[in-house]
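Below, each chain spelled out in residue letters.
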Amino acid sequence: MPETATSTIDKIAVNLSINGKPCSRQVEPRMLLVEFLREACDLTGTHVGCDTTYCGACTVLMNGLAVKSCTMFAVQADGSQIITVEGLEKDGKLHPIQKAFGDSYGLQCGYCTPGLMLSTHQLLSENSEPSEKEIRKAIAGNTCRCTGYMNIFKAIKLAGRNIKGA
Amino acid sequence: MYPRSFHYHRAGSLKEAVSMLGQLGEGAKFLAGGQSLIPLLKLRFANPEHLVDLNFITGTSFIKEDSGTLHFGAMTRHAEIEHAALAKKIPVLHDCAAGIADVQVRNRGTIGGSLAEADPSGDWANALITLDTMVHCLGPSGARTIQLSDFIKDAYTTALAHDELVTEVEVKIPPPGSGGAYLAFKRTAPVYPSASAAVQLTLAGDVCQDAAIALGCVGLMAIRATEAENALRGKNLNDETIATAAEAARAAADPQTDMRGSAEYKRQLVVALVKRAIQIAARRARGEQVEGAHLYA
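Residues numbered from 1 in each chain as written. Chains lettered and ligands numbered in written order. Predicted model: local features only at pLDDT ≥ 70, side-chain atom pairs only at ≥ 80, totals over all residues.

Participant: Help me understand the overall build of chain A, please; the structure alone is not making it clear to me.
Facilitator: When helices and strands are counted, chain A shows five helices and five strands. Relative to its length of 166 residues, chain A is compact, with a C-alpha radius of gyration of 16 Å against a globular reference of 15 Å. (Helix = DSSP H or I, 4+ residues; strand = E, 2+ residues; numbered from the N terminus. Rg over C-alpha atoms; globule rule 2.2 N^0.38 Å.)

Participant: Help me understand the overall build of chain B, please; the structure alone is not making it clear to me.
Facilitator: Looking only at helices and strands, one finds 11 helices and 14 strands in chain B. C-alpha extents for chain B along the principal axes are approximately 60 × 45 × 30 Å. Across the 297 residues in chain B, those meeting the buried criterion constitute 56%. (Buried ≥ 20, exposed ≤ 12 C-beta atoms within 10 Å, placed from the backbone.)

Participant: Is there a simple way to explain the packing of helix 2 (residues 96-103) of chain A against helix 5 (residues 150-165) of chain A in this structure?
Facilitator: How two helices sit against one another is set out by the angle between their axes and by the gap between those axes. Residues and elements named next belong to chain A. For the pair helix 2 and helix 5, the least separation of the axes is 8 Å and the interaxial angle reads 140 degrees. The angle between the axes of helix 2 and helix 5 places the two elements in the oblique class. Taken as a pair, helix 2 and helix 5 cross one another with a handedness that is right-handed. Taking contact as the criterion, the partners of Pro96, Ile97, Lys99, Ala100, Phe101 and Asp103 in helix 2 are, on helix 5, Ala155, Leu158, Ala159, Asn162 and Ile163. Of the residues assigned to the contact of helix 2 with helix 5, the class counts are eight nonpolar, one polar and two charged. (Axes fitted to C-alpha atoms, helices over the stretch in contact; angles between N-to-C directions. Parallel < 35°, antiparallel > 145°, perpendicular 65-115°, else oblique. Left-handed = near helix turned anticlockwise from the far one by under 90°. Contact = placed C-beta atoms within 7 Å. Nonpolar A, V, L, I, M, F, W, Y, C, P; charged D, E, K, R; others polar.)

Participant: What exactly am I supposed to notice about the domain arrangement of chain A here?
Facilitator: How big an interface is tends to be expressed through the accessible area that disappears when the partners come together. Residue and element names in this part refer to chain A. According to the domain assignment, chain A contains domain 1 (6-87) and domain 2 (96-165). Taking only C-alpha atoms, the centre of domain 1 and the centre of domain 2 are 23 Å apart. Where the side of domain 1 that touches domain 2 is concerned, the elements lending two or more residues are strand 3 (59-62) and strand 4 (65-68). With three residues, the single largest contributor to the side of domain 1 that touches domain 2 is strand 3. For the side of domain 1 that touches domain 2, the per-class residue count stands at 10 nonpolar, seven polar and no charged. (Domains from an automatic or database assignment.)

Participant: Looking at this structure, I do not really get the interface of chain B and chain A. What am I missing?
Facilitator: Between chain B and chain A, the contact holds 23 residues from the first and 28 residues from the second. By residue class, the composition of the side of chain B that touches chain A is 12 nonpolar, seven polar and four charged.

Participant: What exactly am I supposed to notice about the sheet that holds strand 5 (residues 69-73) of chain B here?
Facilitator: Residue and element names in this part refer to chain B. With respect to topology, five strands assemble into an open sheet ordered 4-5-10-6-7, the strand pairing being antiparallel. Across the chains shown, the open sheet's two edge strands, defined by having one partner strand only, are strand 4 (63-66) and strand 7 (142-147). Averaged over all neighbouring strand pairs, the angle between strand axes comes to 25 degrees, with direction disregarded. Both strand 5 and strand 10 (residues 165-172) contribute to a ladder of five bridges, which runs antiparallel. From the neighbouring strand, His71 faces strand 10, where its bridge partner is Glu170. In this fold helix 1 (residues 14-24) packs onto strand 6 (133-139) and strand 10, with an angle of close to 135 degrees to the strand it touches most, strand 10. (Pairing = 2+ DSSP bridges.)

Participant: How should the packing of helix 10 (residues 239-252) of chain B against helix 11 (residues 263-285) of chain B be read in this particular structure?
Facilitator: All names here are of chain B. The N-to-C vectors of helix 10 and helix 11 enclose an angle of 145 degrees; their axes lie 8 Å apart at closest approach. Crossing angle aside, the handedness with which helix 10 passes helix 11 is right-handed. Within the contact between the two elements, helix 10 uses Ile242, Ala245, Ala246, Glu247, Ala249 and Arg250 and helix 11 uses Arg267, Val270, Val271, Val274, Lys275 and Ile278. Among the residues forming the contact of helix 10 with helix 11, the class breakdown is eight nonpolar, no polar and four charged.

Participant: Is there a simple way to think about the environment of B:Leu215 in this case?
Facilitator: Residues and elements named next belong to chain B. By the secondary structure assignment, Leu215 is in strand 13 (residues 207-216). Of the residues examined, Leu215 has 29 C-beta atoms within 10 Å and is grouped as buried. With 58 residues separating them in the primary sequence, Leu215 and Leu273 have C-alpha atoms 9.3 Å apart.

Participant: Which parts of the structure should I look at to understand helix 2 of chain A?
Facilitator: Note: α-helices contain 3.6 residues per turn, so residues at a spacing of three or four share the same orientation. Within helix 2 of chain A the residues assigned to the buried category are A:Pro96, A:Ile97, A:Gln98, A:Ala100 and A:Phe101. Turning to helix 2 of chain A, the residues buried within the fold contact helix 3 (113-126) and helix 5 of chain A.

Participant: Could you clarify how one ought to interpret the confidence of the model for chain B in this entry?
Facilitator: Note: predicted coordinates in regions of low pLDDT should not be interpreted at a detailed level. With 100% of its residues at a pLDDT of 70 or more, chain B has an overall mean of 97. Scored as a whole, the predicted complex attains pTM 0.96, and scored at its interfaces, ipTM 0.95. (pLDDT = per-residue confidence, 0-100.)

Participant: Even after reading the chapter, I still don't get the sheet that holds strand 4 of chain A, so can you show me in this structure?
Facilitator: In any sheet, the strands associate via hydrogen bonds between backbone groups, in a parallel or an antiparallel arrangement. Residues and elements named next belong to chain A. The strand order across the open sheet built from five strands is 2-1-5-3-4, with neighbouring strands paired in mixed fashion. Strands at the two margins of the open sheet, each flanked by one partner only, are strand 2 (21-27) and strand 4. Taking the axes of each pair of neighbouring strands and ignoring which way they run, one obtains an average angle of 40 degrees across the sheet. Note: strand 3 against strand 5 (residues 81-83), two bridges, orientation antiparallel. Among the inter-strand pairings, Leu61 is bridged to a residue of strand 5, identified as Ile83.

Written out as structure tokens, the structure reads:
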């Protein structure tokens, strides 16, 4: 960890639920939620992209809502329910959103995909049949540098149909 | 990127937050939604010794209507305003809330935090300045209420004392026959707009009885384009008067060349945004349901 003088800073207890499992840690206040997930919890599916609140690669769900985990401190997630990409799969079966991204070729390098899938999760939990306009608005905070987005739109529509049909 | 180390304090009430900040002194700051402050901390443009987190205080996030006025708790998130049926009573507020940055930022960012930060490119101050808006504040010596135009003093500067915070934003619902629109142009969703225009018109038939026009991102704070308002007030609303108002808005804008565009480009944007916002505001004043929102690719 960079910087000195950390010994005088009190660590703070954080108790939260991550992907349905309780988690308790003592953290430095300045630890970002994304670093907490990756470094303290070994959940490296949540990515650090721009680290400036722009790209959305670090998107996770906090109490069902998409947030940029690079723009929150871990201490602020105290008492909350966090879902990361690792929490989408159930009993070895891919979540319909994960399956749709694969089936529609909605990714290339995959770096932005975890964040995109969690933004999609919030969208589809509110509206399983989004229009293209609604999809664009819902993922406007997620940057993809490979796909050109067209297959991502297809994946989100397919995921909505899969969830509705399930 | 890690911010410089700081001590973290969680306030249980707004009153406690104020007294904590007073005790901790000049090196302490309030943390609201954090969508501007946390990036600043990470870049080490701000290096507070203490942060007093307001996010765990209950009862600070609400939208209420009371005798012709909407009240927003300071910690009400942009997304809550975007989705609230009550906020649609003042369409400018919905336009503004629904287009701030992106879903993730709207889920965290707050109306009170946005006003207290007073970023010249922020959305809320520009949208709210066209309305009768009061900012309720709480400090060590008690509560006070400040008209928004007196609250914002300069870029990143408000009437708030160091240990004073916003508790509530109060907006008067415009009379029947009044319509408003807020349009902002940004290059992509997560960035600040290059320019924005807020318009509130009160019409009697085709005659504009009252007009409020404000420009954002083109000065150190939101600019009331009073000459543009005069170009409409008492006049018939038509292409000619709208064009005159838009040209007056161009003259009122005082933009700077930066990575979002040249000053000349921003003036041109102001003309287009004011024209469109007037047209949407007029249609809404006549009772039409028209969509208005942030524009981006």
